[in-house]
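Next come the chains, spelled out residue by residue.
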Amino acid sequence: MQRDTQIFDLIKDELHRQRRGLELIASENFTSLQVMQAMGNVMTNKYAEGYPGKRYYGGCEVVDLSEQLAIDRAKEIFGVNYVNVQPHSGAQANTAVQFAVLQPGDAILGLDLSMGGHLTHGSPVTYSGKIYQAHHYGVRKEDGRVDYDALEAKAKEVKPKLIICGASAYARDWDYARIRQVADQVGALVLADIAHPAGLIAAGLLNSPFDHCHFVTSTTHKTLRGPRGGIIMMKHDFENPWGIKTPKGEVRMMSALLDLAVFPGIQGGPLEHVIAAKAVSFYEILQPEYKTYAARMQQNAQALATAFINKGYDIVSGGTDNHLLLIDLRNKGISGKKAENTLVKADITLNKNMVPFDDKSPFITSGIRVGVPAITTRGLKESDMEQVAVWLDAVLMQPDNEDIIAKVRGEVNEFMQQFPLYPEMD
Ligand code: DSN
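**As for the overall build of the protein chain**
Looking only at helices and strands, the protein chain features 15 helices and 15 strands. In summary, the protein chain has a C-alpha radius of gyration of 22 Å against a globular reference of 22 Å for 426 residues, a match within 12%. The buried share of the protein chain, taken over its 426 residues, is 56%. Long-range pairs, those at least 24 residues apart, make up 71% of the contacts in the protein chain between residues at least 6 apart in sequence. If you sum the accessible surface of the protein chain, you get close to 18100 Å²; carbon and sulfur atoms cover 52% of it. The positive charge centre, built from 44 side chains, and the negative charge centre, built from 50, are 2 Å apart in the protein chain.

This is how it looks when you write it as structure tokens:
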């Protein structure tokens, strides 16, 4: 068969783009070579609807073993009793939990998207805001932190069946115990979406949601540094509170409802090659080096926050506990959109982001989100963060100055050569 040179040339271009740039998108990372190798192989050929030992296709004896390894390793990392590694993405993981526990029209309560929440936590542009009756809580204007009192008041008012915590642009740790207290008062279940900070939680650097939240979902490709995908976990299985029974009249446990929600509820055949890659990344997380990586991520984020604060930038909540910062650019006279579009010309990638109480639309935004998982994987250290802030500041302060953009791009490209990315691919 003729080789598709067009696509392979584009893959080469993407490799060079990743190599030469400063990757600051908070939700991106660079997987190891072995994670990618596990994704690109014969397991992509296998249909395996069902779960290990209970499939709807023959010939699943090998993928049964690799899916079970992924499950067992995730259980070990997070100290949980139930794991489903089949969700194709974090959004699918959240959809499955909601599908398992909610009926159309049920009330849910999640962090507002414009305050750092996620689309699947009840945004009106997604199924979660259309199928369910979505309500939101936010952050306090004075300190940019989750307003737990307002969350409690809202929960008492709307009586949600599910409270969702977790965010895609929130730099602070979560008080899961407080959220559970509120949930118990109103008879709600709690879902923690830890897609962003999962790696820091795995390394014991942030509060653990597992003792307090009934369900925990995550992506596997952000701080966890695995392949793109999702995962659902529970520390303890429990009887579903709505008396849903099997055809034989037995009460269905929540684990059975979650499994059914993923397949056949919202997905068909699992991506067994991606699940194999998840297993490889979980193996890597279980090695001692991963804890060092997670600690460096946190140190880098804090050092970067300090460097920006010293340059007069307004960091939402005044700093960070995790791997990202949210910067409100309103005092710098540049929108998030212009910042993103200008920085990319200097080979610095990040994303525009709404900030709490933003007066601009999601297409323009007043802020940017800056994350360190990818540059920490490349090898940048705390002492490099000042330089990173200097480059961003130089471009953001003179976004129409093509000479400065070209100078910064040159310096970034040269600097990144010190941190080889996939040298095996040359
Ligand atoms: N797209 C992810 C992020 O960038 O945080 C959330 O889904």
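**Describing the sheet that holds strand β4 (residues 82-84)**
Strand order in the open sheet made by the 7 strands is β4-β10-β9-β8-β7-β5-β6, with mixed pairing throughout. If you trace the sheet from one side to the other, it starts and ends with β4 and β6 (133-137), each paired once. Each strand axis lies, on average, 20° off the axis of its neighbour in the sheet, ignoring direction. As paired strands, strand β5 (residues 107-111) and β6 are joined by 5 bridges and run parallel to one another. Considered in β6, the bridge of I108 is made with A134. Packing against the sheet, helix α9 (residues 254-266) makes contact with β4, β8 (189-193), β9 (215-219) and β10 (230-234), and its axis sits at approximately 5° to β4.

**Focus on the site of the ligand**
Residues in close proximity to the ligand include S27, H118, S168, H196, K222 and R369, which together make up its full environment. Between the ligand and R369 there is a distance of 2.8 Å, counted from an oxygen atom to a side-chain nitrogen or oxygen. Its residues assigned to classes, the shell around the ligand comprises no nonpolar, 4 polar and 2 charged.

**Concerning a nonpolar patch on the surface**
Taken together, the side chains of I7, F8, L10 and I11 define a hydrophobic patch exposed on the protein surface, amounting to about 370 Å² of accessible area. Accessibility expressed as a relative area gives 53% for L10, which makes it exposed.

**Overview of helix α12 (residues 336-345)**
Considered for burial, the residues of α12 that qualify are G336, A339, E340, T342 and L343. For α12, the elements touching its buried residues are β13 (348-349), β14 (351-353), β15 (367-371), α14 (385-397) and α15 (402-416). Within two residues after α12, D347 carries a phi angle of roughly 60°, on the positive side.

**Re the nonpolar core**
Within the largest apolar cluster, 88 residues are counted, with the highest numbers of intra-cluster contacts made by L22, W174, I194 and I348. Discounting residues that sit within four places of it in the chain, I194 has contacts with F78, Y176, I201, P209, F210, V216, T217, S218 and M233.

**Considering the pairing of strand β12 (residues 324-328)**
Summarising burial for β12: 5 of the 5 residues are buried, a large majority. The side-chain alternation of β12 yields two buried faces, one formed by L324, L326 and D328 and the other by L325 and I327. One ladder, built from 2 bridges, connects strand β11 (residues 314-315) with β12; its direction is antiparallel. Bridge pairing in β12 places D314 opposite D328.

**Quick word on the side chain of R55**
By the element assignment, R55 lies in strand β3 (residues 54-55). Overall, R55 belongs to the buried group, its relative accessible area being 15%. At 2.7 Å, the side chain of R55 forms a polar contact with the side chain of D64. A polar atom in the side chain of R55 sits 3.4 Å from the side chain of E272. R55 has contacts with A48, E49, G50, C60, V63, D64, E67, Q86, P270 and E272, leaving out every residue within four places of it along the chain.

**Some thoughts on the environment of M354**
Position of M354 relative to the elements: it lies in the loop between β14 and β15. The class for M354 is buried, based on a relative accessible area of 17%. Through-space distance from the C-alpha of M354 to that of L113 is 8.5 Å; in sequence the pair is 241 residues apart. Among all residues touching M354, those that are not within four sequence positions of it are S114, L326, K360, S361, P362 and T365.

The rules behind each value
- Residues numbered from 1 in each chain as written.
- Predicted model: local features only at pLDDT ≥ 70, side-chain atom pairs only at ≥ 80, totals over all residues.
- Heavy atoms only, no water.
- Helix = DSSP H or I, 4+ residues; strand = E, 2+ residues; numbered from the N terminus.
- Rg over C-alpha atoms; globule rule 2.2 N^0.38 Å.
- Buried < 20%, exposed > 50% of the residue type's maximum accessible area, 1.4 Å probe, protein only.
- Contact = heavy atoms within 4.5 Å.
- Areas by Shrake-Rupley, 256 points an atom, 1.4 Å probe, with all protein chains shown as cover.
- Lys, Arg positive; Asp, Glu negative; His and termini not counted.
- Charge placed at Lys NZ, Arg CZ, Asp CG, Glu CD.
- Pairing = 2+ DSSP bridges.
- Axes fitted to C-alpha atoms, helices over the stretch in contact; angles between N-to-C directions.
- Near = heavy atom within 4 Å.
- Polar contact = N/O pair within 3.5 Å; in protein donor to acceptor, adjacent residues only side chain to side chain.
- Nonpolar A, V, L, I, M, F, W, Y, C, P; charged D, E, K, R; others polar.
- Patch = residues over 30% accessible without salt bridge, like charges linked within 9 Å, V, L, I, M, F, W, Y side chains within 5 Å.
- Salt bridge = Lys/Arg side-chain N within 4 Å of Asp/Glu carboxyl O.
- Core = buried A, V, L, I, M, F, W, Y, C linked by side-chain atoms within 4.5 Å.

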